[in-house]
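# Secondary and tertiary structure notes
The residues making up each chain are set out below.
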There are 2 protein chains.
Amino acid sequence: MYNFTFDVSTKIFFGKGQIKNLSGEIIKYSNRILLVYGGGSIKKNGIYNAVVSNLKENNIEFIELSGVEPNPRIESVRKGVELCRVNNLDGVLAIGGGSSIDCAKVIAAGVKYNGDAWDLVKNRKFIKDALPIFSVLTIAATGSEMDVNAVISDISRNEKLGTGAPSTLPKVSILDPEYTYSVPKKHTAAGTADIMSHTFENYFNVNNDAYLQSRMAEAILKTCIHYGPIACQNPENYEARANLMWSSSWAINGLLAKGATQDWSVHPIEHELSAFYDITHGDGLAILTPHWMRYILSEDTVDKFVEYGVNVWNIDKNLDKFTIANKAIDLTQDFFTNSLNIPKNLRELDIDEEYFDQMSVKATKGNGRINGYVTLNPDDIKKILINAL
Amino acid sequence: MYNFTFDVSTKIFFGKGQIKNLSGEIIKYSNRILLVYGGGSIKKNGIYNAVVSNLKENNIEFIELSGVEPNPRIESVRKGVELCRVNNLDGVLAIGGGSSIDCAKVIAAGVKYNGDAWDLVKNRKFIKDALPIFSVLTIAATGSEMDVNAVISDISRNEKLGTGAPSTLPKVSILDPEYTYSVPKKHTAAGTADIMSHTFENYFNVNNDAYLQSRMAEAILKTCIHYGPIACQNPENYEARANLMWSSSWAINGLLAKGATQDWSVHPIEHELSAFYDITHGDGLAILTPHWMRYILSEDTVDKFVEYGVNVWNIDKNLDKFTIANKAIDLTQDFFTNSLNIPKNLRELDIDEEYFDQMSVKATKGNGRINGYVTLNPDDIKKILINAL
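Residues numbered from 1 in each chain as written. Chains lettered and ligands numbered in written order. Predicted model: local features only at pLDDT ≥ 70, side-chain atom pairs only at ≥ 80, totals over all residues. Heavy atoms only, no water.

- As annotated in an unreviewed UniProt entry, chain A carries the name Iron-containing alcohol dehydrogenase and is attributed to Peptostreptococcus equinus.

### What about the nonpolar core?
- Formed by 235 residues in total, the largest nonpolar core has its most connected members in I107(A), W246(A), I107(B) and W246(B).
- Setting aside its immediate chain neighbours within four residues, W246(B) contacts M1(A), F4(A), F6(A), L212(A), Q213(A), I12(B), F14(B), M146(B) and L175(B). (Core = buried A, V, L, I, M, F, W, Y, C linked by side-chain atoms within 4.5 Å. Buried < 20%, exposed > 50% of the residue type's maximum accessible area, 1.4 Å probe, protein only. Contact = heavy atoms within 4.5 Å.)

### Observations concerning unusual backbone geometry
All names here are of chain A.
- For D278, which is not glycine, the phi dihedral falls at a positive 55°.
- With respect to the helices, strands and loops of the structure, D278 is situated in the loop between α10 (266–277) and α11 (281–296).
- Relative accessible area serves as the criterion here: at 38%, D278 is assigned to the partly exposed category. (Helix = DSSP H or I, 4+ residues; strand = E, 2+ residues; numbered from the N terminus.)

### Quick look at the pairing of strand β8 (residues 159–163) of chain A
- With respect to burial, β8(A) is a largely interior element, four of its five residues being buried.
- If you look at the hairpin formed by strand β7 (residues 150–154) of chain A and β8(A), you'll find four residues sitting between the two strands, and N158(A) has a positive phi there, around 50°. (Pairing = 2+ DSSP bridges.)

### Brief notes about the relation of the copies chain A and chain B
- With an axial shift of 0.0 Å and an RMSD of 0.0 Å, the rotation relating chain A to chain B amounts to 180°. Expressed as a symmetry operation, the mapping of one chain copy onto the other fits a two-fold axis. No C-alpha of chain A lies nearer the rotation axis than that of S9(A), which sits 2.0 Å from it.
- Both copies present the same face, since 100% of the interface residues in chain A are matched by interface residues at the equivalent positions in chain B. (Least-squares fit on C-alpha atoms with pLDDT ≥ 70 in both.)

### Overview of the UniProt feature "domain: Fe-containing alcohol dehydrogenase-like C-terminal" (unreviewed entry) in chain A
- Here, UniProt's "domain: Fe-containing alcohol dehydrogenase-like C-terminal" (unreviewed entry) annotation points to residues 188–388 of chain A.
- Secondary structure content for residues 188–388 of chain A is 64% helix and 2% strand, and the end C-alpha separation is 22 Å. (UniProt positions renumbered as here; feature names shortened; annotations may be inferred.)

### Some thoughts on the UniProt feature "domain: Alcohol dehydrogenase iron-type/glycerol dehydrogenase GldA" (unreviewed entry) in chain A
- The UniProt record annotates "domain: Alcohol dehydrogenase iron-type/glycerol dehydrogenase GldA" (unreviewed entry) at residues 10–177 of chain A.
- For residues 10–177 of chain A, the end-to-end C-alpha separation is 18 Å, with 31% helix and 23% strand making up the annotated structure.

### Considering the sheet that holds strand β6 (residues 133–137) of chain A
- One open sheet holds the seven strands; their spatial order is β4(A)-β3(A)-β5(A)-β6(A)-β9(A)-β2(A)-β1(B), and the pairing between them is mixed. The sheet is open, and its two edges are formed by β4 (61–65) of chain A together with β1 (4–6) of chain B, each paired on a single side. Each neighbouring strand pair of the sheet contributes to a mean axis angle of 20°, computed without reference to strand direction.
- Where strand β3 (residues 32–36) of chain A and strand β5 (residues 91–96) of chain A come together, four bridges link them in parallel fashion. Residue pairing across strands places L34(A) opposite V92(A), the latter belonging to β5(A).
- Strand contacts of helix α3 (residues 47–57) of chain A: β3, β4, β5 and β6 of chain A, with the helix running at about 175° to β3(A), the strand carrying the most contacts. (Axes fitted to C-alpha atoms, helices over the stretch in contact; angles between N-to-C directions.)

### Regarding helix α8 (residues 211–233) of chain A
Residues and elements named next belong to chain A.
- The first and last C-alpha atoms of α8 sit 34 Å apart over 23 residues, in line with the 33 Å expected at 1.5 Å per residue.
- At Y227, α8 is deflected by roughly 30°, the largest bend along its length, and proline P229 occurs up to four residues later in sequence.
- Within α8, 19 of the 23 residues are buried, which leaves it mostly tucked inside the rest of the structure. (Expected span 1.5 Å × (residues − 1). Bend = angle between axes of the 7 residues up to and from the residue.)

### Focus: the layout of surface pockets
- Roughly 970 Å³ of internal volume is contained in the second largest pocket.
- At the level of elements, α8 and α12 (302–313) of chain A together with α8 (211–233) and α12 (302–313) of chain B are the ones that each hand at least two residues to the lining of the second largest pocket. (1 Å grid on protein atoms, 1.4 Å probe; cavity = no way out; pocket = protein on both sides within 12 Å on 5 of 7 lines; lining within 4 Å. Points joined across faces, edges and corners; volume = space filled by probe spheres on them.)

### Some remarks on the interface of chain A and chain B
- Opposite the 38 residues of chain A that make contact, chain B presents 38 residues.
- With both sides pooled, the region where chain A packs onto chain B buries about 3,600 Å², and carbon together with sulfur makes up 61% of that total.
- Here chain A and chain B share zero salt bridges between them.
- Seen at the junction of chain A and chain B, the total is 14 residue pairs in polar contact (both at pLDDT 80 or more).
- Listed by contribution, the elements that provide at least two residues to the side of chain A that touches chain B are β1 (4–6), β2 (11–14), α8 and α9 (238–250) of chain A.
- The residue makeup of the side of chain A that touches chain B, split by class, is 20 nonpolar, eleven polar and seven charged.
- The pairing of β2(A) with β1(B) spans three bridges and is classified as antiparallel. Its bridge partner lying in β1(B), F13(A) is registered against T5(B). (Buried area = accessible area lost by both parts, 1.4 Å probe. Salt bridge = Lys/Arg side-chain N within 4 Å of Asp/Glu carboxyl O. Polar contact = N/O pair within 3.5 Å; in protein donor to acceptor, adjacent residues only side chain to side chain. Nonpolar A, V, L, I, M, F, W, Y, C, P; charged D, E, K, R; others polar.)

### Re a negative patch on the surface
All names here are of chain A.
- A contiguous patch of negative charge, built from D350, D352, E353 and E354, is present on the exposed surface.
- Structurally, the position occupied by D352 is in the loop between α13 (321–339) and α14 (356–362).
- We classify D352 as partly exposed; its relative accessible area is 38%. (Patch = residues over 30% accessible without salt bridge, like charges linked within 9 Å, V, L, I, M, F, W, Y side chains within 5 Å. Areas by Shrake-Rupley, 256 points an atom, 1.4 Å probe, with all protein chains shown as cover. Lys, Arg positive; Asp, Glu negative; His and termini not counted. Charge placed at Lys NZ, Arg CZ, Asp CG, Glu CD.)

### Overview of the domain arrangement of chain A
Residues and elements named next belong to chain A.
- When its domains are assigned, chain A resolves into domain 1 (11–180) and domain 2 (185–387).
- Relative placement of domain 1 and domain 2: their C-alpha centres are 26 Å apart.
- Summed over both sides, the interface of domain 1 with domain 2 buries roughly 2,200 Å², with 61% coming from carbon and sulfur.
- Three residues stand out in domain 1 for area buried against domain 2, namely M146, N158 and K160, and they jointly supply 26% of the buried area on that side.
- The interface formed by domain 1 and domain 2 contains one salt bridge.
- Residues D278 and R73 are paired through a salt bridge, measuring 3.3 Å at the closest nitrogen-oxygen approach. (Domains from an automatic or database assignment.)

### Details of the state of the cysteines
- For the structure on display, the rule yields zero disulfides over all chains.
- In this structure C232(A) is not part of a disulfide, and its nearest cysteine sulfur, from C224(A), lies 11 Å away.
- Take C84(B): it sits in no disulfide, and the sulfur closest to it among the cysteines is that of C103(B), at 10 Å. (Disulfide = S-S within 2.5 Å.)

Structure below.
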């Protein structure tokens, strides 16, 4: 196991009605905040009203930044930074999923930075401080509620990049599974795929002596496989929503990654798809993952796939190891397409080969390769994309 | 899943040589501390020197309280409180396992309390504040390095009680697996049993819809089963020591308990054994656990045992459910006695029936019963103790 620091101090209020604790926590840090959210859905489902009336209980003033995009853009960040400065705000509260929370994080850091916020996205080392960040989660997916990470896009440059620093960890997050009842089937499925992909990125790593972390990863995968389809079929199943929501936080807050390796493979490729086509992140991940798995399966990697197939899919461990591995990959693909009803290939999302060369190079972030579980150069990436067509 | 708050802000430095970070963290909170430890082993294995020389780097002054007992006593706590007051100390650093850390926690709380520290053990609600607490862990067992809990004994009254509050959560803990290389076989085994028992106490609970938590519990159990014997056989196996150490923290810091139920069964019974006979806590737990399992196995509980047997011990799920359950219990007992070489019964620890009536009543803490996975009254408890003889 590698050396690491684990430092996840986000205070989580989990369960029905936990919104009642929000402003009592915020007031410990801030009394004039920026309220960051996306479309109008939180106004329809009552979450907006619940937040606002709770803020009023502790006389917390707020300015709003609405309309944050599903793949949040640097323009929204810049707008938020400006609003905070002009109005002298001292905290940022996101209501929503990863998009709103990620946007809030970079706004909070941007306020403390002398320069354009895109610098902080390009290089996380520039983030030295941030306003206190709070979140009210409305979809189980990115885990942004309990980690430092944020992904921001600059569509004008077809760039979608991840950033984050200790100061962008939320202080407090409210996780009420009932708030996800109104998440449509499509996004429930994509969110589940996103949680699973975070888990895969941690699970398939070269440091196999992080045994505990591997078993924890399997715990999360089994939970997603069990409850993803239930939540899609029955959106108001509390048990399913609760288990998915809590899984989203643990898939990416460091529990699985720390001590293992943290070099991701599928996310950087998907980020190119989203940057060029603005598709739903989880859909892209679900489509790419089985093709990435099949592409990297080899004598060197087969044992990890056997571990995955036996422990997660309960495949008979006495079968031939490549049989187990291929079966596990088939089951993964079948789960995404048939149990979660996510499109099976890129063509269904109207994506063709046009930008594959460009994407394959950009996915390597200037390194010439992705140093993931198996090193991928642009040629490899292009082949995976073509297989996923 | 039940509502809960998850708030575990302990900063963990995990891995080889992490002691280098200790004083740089302490200095953020304290510059005159109480150093709490047990016997002389940390002087022999070099950990004491490593700590002291690191403290000097940041000019942190310290006063020592050594000789903390394996089941730490209230007298040591009182002595520590007095030392802090007389010397005007502003932090408490434990070096050791659960005993030293638990003692440090109640000292830290005692300094902030006007009255006898035993009040804080009898009733955790009296803990309103504490000095900052730090730990350098030297054995994987209690998880005290990353939770609020402390167990303190008053041998004069045969009482061993648990306490804790948000303020008794360590600020920083150093987890260097190499520091556990010198833990003798017997205590490596008992520590592993302790981690497993914490996990069982959380795993066997009436709220079966905390599915993620159950799968996480299985992850920890599998890790202990895999690495406990390896660490006993080969004390300097880093991989085994690291996995056990990190498991100890997660078995009891809330990850498994929050959202499920938290009513424990075997610990309160074992605490009576330790209170009357001062035995090693983990030994008592390992002896009692299989007997508790067998005693509570019934038509009502069998499904949970099947889950345990299939998921943790890989028992064929097509067998009859009571066959699976009994096999799982047999394997558990066999693991403790044959793989970890822990005494099989209480007689081997020179315990007889003399105090069983008294213990059975005291284990219920005045409630007339233990409200665990299955409710146990003093009659039930006595039967379990007799079975364990």
